[in-house]
Amino acid sequence: MKLDSVPLEISGISQTEVELELEDSNDFNLTPAIAQPVQPVIADSLQKQESVLVVFGTTFVTIFLAEIGDKTQLSTLLMSAQSHSPWVVFIGSAAALITTSLLGVLLGSWISNRLSPKTVEKSAGVMLLVISLMLFWDVFTSH
């Protein structure tokens with residue numbers, strides 16, 4: 001006899017109560033599982049790769065268009081003409097642009113961890129509006 005079992009006549013439980021209890025405990029839910037379609041790993045990696053390419057392309061075009069003809073490009077042009085060392089100027093200006101871009105990315109990452117995207121968006125809009133107003137004020141007061 002097992003130590004964890006009690007004879008039925010001693011425990012005070014009838015044989016029919018035990019059988020009912022066993023029937024209730026054997027009611028397992030055997031409904032078949034519904035198979036969900038499995039997305040292949042290749043599709044996920046292609047989507048991520050496409051997303052990376054879209055972000056890269058958008059960033060490249062935006063920065064490229066923003067930098068054409070600005071004071072940084074004009075300064076680089078003048079330094080290259082003055083020094084007669086275009087490759088040294090190129091390496092120096094490229095290193096400076098990479099460093100400022102790195103600072104922008106790190107600062108943006110830090111801000112995004114502390115503020116909501118809506119707050120960052122509104123703050124950027126307000127800052128651009130203030131810069132625009134300052135430029136307009138400068139134009140109107142200089143004449």
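Just so it is clear, the structure is predicted and the values come from calculations on it, not from any experiment.

Scoring rules and cut-offs
- Residues numbered from 1 in each chain as written.
- Predicted model: local features only at pLDDT ≥ 70, side-chain atom pairs only at ≥ 80, totals over all residues.
- Heavy atoms only, no water.
- Helix = DSSP H or I, 4+ residues; strand = E, 2+ residues; numbered from the N terminus.
- Buried < 20%, exposed > 50% of the residue type's maximum accessible area, 1.4 Å probe, protein only.
- Areas by Shrake-Rupley, 256 points an atom, 1.4 Å probe, with all protein chains shown as cover.
- Patch = residues over 30% accessible without salt bridge, like charges linked within 9 Å, V, L, I, M, F, W, Y side chains within 5 Å.
- Salt bridge = Lys/Arg side-chain N within 4 Å of Asp/Glu carboxyl O.
- Polar contact = N/O pair within 3.5 Å; in protein donor to acceptor, adjacent residues only side chain to side chain.
- Expected span 1.5 Å × (residues − 1).
- Axes fitted to C-alpha atoms, helices over the stretch in contact; angles between N-to-C directions.
- Parallel < 35°, antiparallel > 145°, perpendicular 65-115°, else oblique.
- Left-handed = near helix turned anticlockwise from the far one by under 90°.
- Contact = heavy atoms within 4.5 Å.
- Nonpolar A, V, L, I, M, F, W, Y, C, P; charged D, E, K, R; others polar.
- Phe/Tyr/Trp six-rings, centres within 6.5 Å; stacked < 30°, edge-to-face > 60°.
- pLDDT = per-residue confidence, 0-100.

What follows is about the overall build of the protein chain. Within the protein chain, the secondary structure is distributed over 6 helices and 0 strands. Written out in order from the N terminus, the α and β elements of the protein chain read α-α-α-α-α-α. By residue count, 2% of the 143 residues in the protein chain fall in the buried class. Taken as a whole, the protein chain presents about 13,300 Å² of accessible surface, with 70% of it coming from carbon and sulfur.

It is worth spelling out a nonpolar patch on the surface at this point. On the surface, Phe56, Phe60, Val61, Phe64, Leu65 and Ile68 cluster together into a nonpolar patch covering about 650 Å² of accessible area. Take Phe60: it is sitting in helix α3 (residues 41–67).

Before going further, it helps to spend a moment on the side chain of Ser93. Within the secondary structure, Ser93 is located in helix α5 (residues 86–114). Exposure remark for Ser93: the relative accessible area of 17% places this residue in the buried category. At 3.1 Å, the side chain of Ser93 forms a polar contact with the backbone oxygen of Phe90.

Think of an α-helix as 3.6 residues a turn; residues three or four steps apart then line up on the same face. Between its first and last C-alpha, helix α4 (residues 71–83) extends 18 Å over 13 residues, near the 18 Å set by a 1.5 Å rise per residue. Directly after α4, the chain includes His84, whose backbone phi takes a positive value near 60 degrees.

The subject of this paragraph is the packing of α4 against α5. α5 packs onto α4 with a crossing angle of 155 degrees between their chain directions and a minimal axis gap of 8 Å. Considered as vectors, α4 and α5 are oriented roughly antiparallel to each other. Relative to α5, the crossing made by α4 is right-handed. Contact residues: Thr72, Thr76, Met79, Ser80 and Ser83 in α4; Pro86, Val89, Ser93 and Leu97 in α5. In the contact of α4 with α5, the residues fall into 4 nonpolar, 5 polar and no charged.

What follows is about the packing of aromatic side chains. Under the counting rule described, the total for this entry stands at 4 aromatic pairs. Between the aromatic rings of Trp87 and Phe90, the centroid separation amounts to 5.8 Å while the plane-to-plane angle is 85 degrees, which identifies the pairing as edge-to-face. Taken together, the residues Trp87 and Phe90, both in helix α5 and 3 residues apart, mark about one turn of the helix. Accessibility expressed as a relative area gives 64% for Trp87, which makes it exposed. Linked through ring pairs, Phe56, Phe60 and Phe64 together constitute an aromatic cluster.

Within the secondary structure, Thr58 is located in helix α3. For Thr58, a relative accessible area of 46% corresponds to the partly exposed category. From its side chain, Thr58 meets the backbone oxygen of Val54 in a polar contact 2.8 Å long.

In this section: the confidence of the model for the protein chain. On average, residues of the protein chain carry a pLDDT of 79, and 67% of them reach 70 or more. Mean pLDDT across the secondary structure elements of the protein chain bottoms out at helix α1 (residues 8–11), with 51, and peaks at α5, with 93.

All right, on to the environment of Pro86 then. Tracing the backbone shows Pro86 in helix α5. Accessibility expressed as a relative area gives 45% for Pro86, which makes it partly exposed. Counting along the chain gives 10 residues from Pro86 to Thr76, while the straight-line C-alpha distance between them is 9.0 Å.

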